[in-house]
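Examination of the molecular architecture
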Amino acid sequence: MLWPHMSNPTQTVDPTLEAVSAARWRMAILLTTTMMVVYFGFILLVAFNKPLLGTPLIAGLSLGMLLGVLVIVAAWVLTWIYVRWANTHYDASLRSLRS
Amino acid sequence: MTSAIGEPNATAIAFFALFIVLSLGITVWASRRTRTADHFYAAGRSVTAFQNGLALAGDYMSAASFLGIAGLVAVSGFDGLIYSIGFLVGWPIVMFLIAEPLRNLGRYTFADVVATRLRQTPIRIAAAIGALAVIAFYLIAQMVGAGNLIRLLFGLPYEAAVVIVGVVMLAYVLFGGMIATTWVQIVKAVLLLAGATILAGLVLMRFNFNPLALFERFRRGENSEPDAPGLGLGLWIVRSIIERHSGSVRVERTAAARTRFVLSLPLGQDSADDQV
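This text gives an overview of the structure that appears in the document. Per chain, residues are indexed from 1 in the order of the written sequence. Key to labels: chains lettered from A, ligands numbered from 1, both in the order written. Selection of residues for local features in this predicted model requires a pLDDT of at least 70, selection of side-chain atom pairs for listing and counting requires 80 or more, and totals for whole chains, interfaces and linings are taken over all residues. The basis for every side-chain value is the complete set of non-hydrogen atoms in the structure, without hydrogens or water.

**Description of the interface of chain A and chain B**
Note on definitions: a residue-residue contact is assigned when non-hydrogen atoms from the two residues lie within 4.5 Å. Taken residue by residue, the interface counts 32 residues in chain A and 23 residues in chain B. When chain A packs against chain B, close to 2,500 Å² is buried across both sides, 75% of that on carbon and sulfur atoms. Salt bridge, as used here: a side-chain nitrogen of Lys or Arg that lies within 4 Å of a carboxyl oxygen of Asp or Glu. Run the count over chain A and chain B and you get zero salt bridges. By the criterion applied in these results, polar contacts are pairs of N or O atoms within 3.5 Å in which, for protein atoms, one can donate a hydrogen and the other can accept it, and in which residues neighboring in sequence qualify only through two side-chain atoms. At the junction of chain A with chain B, the criterion picks out two residue pairs in polar contact (both at pLDDT 80 or more). At the level of secondary structure, the elements contributing two or more residues to the side of chain A that touches chain B comprise helix H1 (15–48) and helix H3 (63–98) of chain A. At twelve residues, the largest contribution of residues to the side of chain A that touches chain B is made by H3 of chain A. For the side of chain A that touches chain B, the class distribution of residues is 24 nonpolar, five polar and three charged. By buried area we mean how much accessible surface two parts lose on assembly, using a 1.4 Å probe and totalling the loss over both. Numbering of helices and strands runs from the N terminus; a helix is a DSSP stretch of H or I covering at least four residues, while a strand is a stretch of E covering at least two. Under the grouping applied here, Gly and all other residues not named as nonpolar or charged are polar, the nonpolar ones being Ala, Val, Leu, Ile, Met, Phe, Trp, Tyr, Cys and Pro and the charged ones Asp, Glu, Lys and Arg.

Dropping the structure here:
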């Protein structure tokens, strides 16, 4: 099953393969949702609560600047989580399926 | 070294010519190695993850990100930086959703992947319309950016600049395929990363490598209106221009609620300062 809800009825699919594929989709959707929530949360704050983001934390650093940097860091962290998961779990289970 | 915008600059022209020669050299080298569709679309699957990462970074650091973000920051202050966050956030999402199916099926494009399970013709038409719509808006902005940049740097006519950039881009994609595209982007990414790092380092050096000191300089005062237009840079720009002309800017507080800015500019070599 490549995309969800698109399994081919004429083809029998190995249940382990289906489980691996389902796990990958869960991971992909979880990480995508997290990224979307983080990003749109930030953008909505920029749009609707500018004074809050303008709150100075220390000299030269406002809350908005800190959160902006954290959105970028979140993108890196989520990428790192995905790559780590794909290398240790996903690729390993695909290899064991092939052999 | 002084440089004036809009006047031909020998160093800049030499670098531009060098990069065009390098791009075309890579294209010739790549076209000799491109024999199959797999070579053309996927560089024969020979690009390593790190090389591909650099090439994607080269794509990412385009005229839109460089000129666009610099322009936005110039027009709307550091708020313009949030534009760059949106650029970045798109990449992990593409990787989570599309990279794996593309690799698993051994296909070349997003349309190939979707078309494996669905009817070919409507999917390919839809994908082509989507791609062309995005490219039309994206590429026009990129070409205008490139044309204007080259016009400003070298004094070449705008039309000639756009044609040169367009011809070089077409040549390396059509003749060199993905091998040339990847290596041109890797060269571009390394040059831009090195240049931007040096520039950022030189700017930070003036602030003792403390970014907070850099931003603190542009903080609004306690009593200023939160939504006042402008950058808060106007007086600073005025001062730098006047000091270049051997003048000076002075602030005088005359009464409790009154402030006077005195701008002095020398009129001639020997004449006394003329106050404005």
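**Observations concerning the packing of aromatic side chains**
Two rings belonging to Phe, Tyr or Trp (six-membered ring only in the last case) form a pair when the distance between their centres is within 6.5 Å. Interplanar angles under 30 degrees mark stacking, angles over 60 mark edge-to-face geometry, and anything in between is tilted. Applying the stated criterion to the full structure yields five aromatic pairs over all chains. Measuring from ring centre to ring centre gives 5.1 Å for Tyr39 of chain A and Phe40 of chain A, while their planes differ by 70 degrees; the resulting arrangement is edge-to-face. Among the residues examined, Tyr39 of chain A registers a relative accessible area of 16% and is labelled buried. Residues Trp29 of chain B and Trp183 of chain B carry aromatic rings whose centres are separated by 6.5 Å and whose planes lie at 85 degrees to one another, so their mutual orientation is edge-to-face. Partly exposed describes any residue whose relative accessible area lies between the buried limit of under 20% and the exposed limit of over 50%, with all areas from a 1.4 Å probe on protein chains only and scaled to the type maximum.

**Quick look at the packing of H1 of chain A against H3 of chain A**
Residues and elements named next belong to chain A. Working convention: axes come from line fits to C-alpha atoms, limited for helices to the stretch in contact. Angles between N-to-C directions cover 0 to 180 degrees. H3 packs onto H1 with a crossing angle of 175 degrees between their chain directions and a minimal axis gap of 10 Å. Our classification of the angle between H1 and H3 gives roughly antiparallel. Counted by class, the contact of H1 with H3 contains 21 nonpolar, five polar and one charged residues. Angle categories: roughly parallel below 35 degrees, roughly antiparallel above 145, roughly perpendicular from 65 to 115, and oblique for all the rest.

**Here we look at the pattern of salt bridges**
It is possible for side chains of opposite charge to pair when their charged atoms get near one another. All names here are of chain B. This model, assessed by the stated rule, comprises one salt bridge over all chains. One salt bridge connects Arg239 with Glu243, and the closest N-O pair in it is separated by 3.8 Å. Highlighted residues: Arg239 and Glu243, both in helix H10 (residues 234–244), separated by four residues, approximately one helical turn. A residue is classified by how much of its surface remains accessible, and Arg239, at 39% relative accessible area, is partly exposed.

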